[in-house]
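The lines below spell out each chain.
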Amino acid sequence: MKAFATLVIAGVMQLGFAHAALAQDDLAKIQSAGVLKIGTEGTYPPFTFHNASGKLEGFDVEIGQEIAKRLKVNAQFVEGKWDGLIAGIDANRYDAVINQVGITPERQKKYDFSEPYIASKAVLIVNSKNTAITRFEDLKGKKSAHTLTSNYAQIARKYGAEIVATDGFNQSVDLVVQGRADATINDNLSFLDFKKHKPDAPVKIVATQSDAEKSGVLFRKGNPQLKAAIDKALEEIKADGTYQRISQKYFGADVSK
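Conventions used here
Residues numbered from 1 in each chain as written. Predicted model: local features only at pLDDT ≥ 70, side-chain atom pairs only at ≥ 80, totals over all residues. Heavy atoms only, no water. Helix = DSSP H or I, 4+ residues; strand = E, 2+ residues; numbered from the N terminus. Buried < 20%, exposed > 50% of the residue type's maximum accessible area, 1.4 Å probe, protein only. Contact = heavy atoms within 4.5 Å. Areas by Shrake-Rupley, 256 points an atom, 1.4 Å probe, with all protein chains shown as cover. Lys, Arg positive; Asp, Glu negative; His and termini not counted. Charge placed at Lys NZ, Arg CZ, Asp CG, Glu CD. Pairing = 2+ DSSP bridges. pLDDT = per-residue confidence, 0-100. Polar contact = N/O pair within 3.5 Å; in protein donor to acceptor, adjacent residues only side chain to side chain. Axes fitted to C-alpha atoms, helices over the stretch in contact; angles between N-to-C directions. Salt bridge = Lys/Arg side-chain N within 4 Å of Asp/Glu carboxyl O. Parallel < 35°, antiparallel > 145°, perpendicular 65-115°, else oblique. Nonpolar A, V, L, I, M, F, W, Y, C, P; charged D, E, K, R; others polar. Arc of directions from axis to C-beta.

**Some words on the overall build of the protein**
Phase 1 of the analysis: Within the protein one finds 11 helices and 12 strands.
Phase 2 of the analysis: Principal-axis analysis of the C-alpha atoms places the extent of the protein at approximately 85 × 40 × 30 Å.
Phase 3 of the analysis: By the burial criterion, 47% of the 257 residues in the protein qualify as buried.
Phase 4 of the analysis: Partitioning the contacts of the protein with sequence separation of at least 6, the portion at a separation of at least 24 is 70%.
Phase 5 of the analysis: Accessible surface for the protein amounts to roughly 13100 Å². Of this, 55% is attributable to carbon and sulfur atoms.
Phase 6 of the analysis: Charge separation in the protein, taken as the distance between the mean sites of 34 positive and 30 negative side-chain charges, equals 1 Å.

**Quick word on the pairing of strand β8 (residues 143-146)**
Phase 1 of the analysis: Direction of pairing for β8 relative to strand β9 (residues 162-165): parallel, over a ladder of 4 bridges. Its bridge partner lying in β9, A145 is registered against V164.

**Observations regarding the confidence of the model for the protein**
Phase 1 of the analysis: Of all residues in the protein, 90% attain a pLDDT of 70 or more, and the chain-wide mean is 90.
Phase 2 of the analysis: For the stretch residues 4-13, pLDDT sits under 50, and the model shows 0 contacts to residues farther than four places along the chain or on other chains.
Phase 3 of the analysis: In the model, residues 15-22 has pLDDT below 50 throughout and makes 0 contacts with residues more than four positions away in sequence or in other chains.

**Points about the side chain of T184**
Phase 1 of the analysis: Mapped onto the fold, T184 is located in strand β10 (residues 183-187).
Phase 2 of the analysis: Residue classification places T184 among the buried positions, given a relative accessible area of 0%.
Phase 3 of the analysis: Looking at T184, its side chain comes within polar contact range of the main-chain oxygen of A145, at 2.7 Å.
Phase 4 of the analysis: Those residues in contact with T184 that lie beyond four places of it in its chain are V123, L124, I125, S144, A145, H146, S172, V173 and V176.

**Digging into the sheet that holds strand β1 (residues 35-40)**
Phase 1 of the analysis: Spatial ordering of the open sheet is given by β4-β1-β5-β12-β6, a layout of 5 strands whose pairing is mixed. Only two strands of the sheet have a single partner each, and these edge strands are β4 (74-79) and β6 (111-113).
Phase 2 of the analysis: Where strand β5 (residues 96-97) lies against strand β12 (residues 218-220), 2 bridges are found, and the strand directions are antiparallel. Counted as the bridge partner of A96 is F219 from β12.
Phase 3 of the analysis: In the packing of helix α3 (residues 59-70) onto the sheet, contacts are made with β1 and β4, and the angle to β4 comes to roughly 145°.

**Side note on the pattern of salt bridges**
Phase 1 of the analysis: Under the definition given, this model contains 16 salt bridges.
Phase 2 of the analysis: The shortest N-O distance in the salt bridge between K29 and D26 comes to 3.7 Å. Taken together, the residues span about one helical turn, with K29 and D26 both in helix α2 (residues 26-33) at a distance of 3 residues.
Phase 3 of the analysis: The partner of K227 in a salt bridge is D231, with the nearest N and O atoms 3.0 Å apart. Here K227 pairs with D231, and both are found in helix α10 (residues 224-239), just 4 residues apart, close to one helical turn.
Phase 4 of the analysis: Residue class for K227 comes out partly exposed when judged on its relative accessible area of 26%.
Phase 5 of the analysis: One salt-bridge network, held together by shared partners, links E62, E66, R70, K232, E236, D240, R245 and K249.

**A word on the packing of α2 against α10**
Phase 1 of the analysis: Contact pair α2 / α10: the axes reach a minimum separation of 6 Å and the direction vectors enclose 65°. One way to sum up the angle between α2 and α10 is to call them roughly perpendicular. Contacts between α2 and α10 involve D26, L27 and I30 from the first element and Q225, L226 and A229 from the second.
Phase 2 of the analysis: Here the residues of the contact of α2 with α10 are counted per class, giving 4 nonpolar, 1 polar and 1 charged.

**A closer look at helix α11 (residues 242-251)**
Phase 1 of the analysis: Listed in full, the buried residues belonging to α11 are T242, Y243, I246, S247, Y250 and F251. Down the axis of α11, the smallest arc covering the buried residues is 125°, so these residues share one side.
Phase 2 of the analysis: Tucked into the core, α11 has its buried residues touching β2 (49-50), β3 (56-57), α3, β7 (118-127), α9 (188-197) and α10.
Phase 3 of the analysis: One or two residues past the end of α11 sits G252, with phi positive at roughly 70°.

See the structure below:
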């Protein structure tokens with residue numbers, strides 16, 4: 001009986017090891033493939049966009065490249081529209097999403113995040129001629145331009161706005177400029193970058209939320225080794241001055257705080 005019991009236990013242990021092998025942490029798979037696949041929009045300057053020559057660049061792009069470098073793999077970006085970007089993780093289209101994804105309790109139920117790597121505040125943007133909207137509460141019954149599943153659209157809905165669907169920041173601002181939308185709520189950093197390139201654009205910030213939204217790298221749950229490796233990479237990027245260099249390039253300030 002003891003011999004039989006020993007065989008049974010050994011068999012169970014072997015099954016357990018086999019299951020553990022099947023449930024391999026994504027970090028091992030990434031390092032084996034030599035590539036970190038990153039989901040991103042490519043239409044959200046200054047975070048992820050195409051420059052005049054068509055090359056993908058931006059703050060989030062360079063952060064992704066630096067993370068991959070420290071994991072000793074290459075970064076491969078897979079572009080997609082925001083509304084389906086996070087779902088691409090479920091479809092195994094990529095290993096992580098680096099695209100200003102806000103760390104929210106709702107998302108944390110289904111996905112894991114790295115430590116925050118950037119903080120931003122939501123701002124209310126209107127046409128320069130608009131004097132009727134001066135605070136978030138004034139959005140009630142007004143048209144606000146957003147990608148449908150963004151955090152900013154949720155804020156606009158909370159204040160009673162009617163959402164006008166767009167593909168991203170630039171289209172949202174364009175609709176406000178054209179008068180096809182009354183407002184848009186968006187990221188203060190994106191707006192500052194927009195005004196840097198288009199100082200004469202007839203849009204203005206009329207209100208700013210006090211709470212900063214922190215964004216992180218999003219990836220599948222059950223990958224503690226990958227999370228630890230990405231967190232370590234981000235820590236190194238900040239410690240060696242790389243983060244500050246990238247931050248100054250796109251914003252003229254340290255946006256980690």
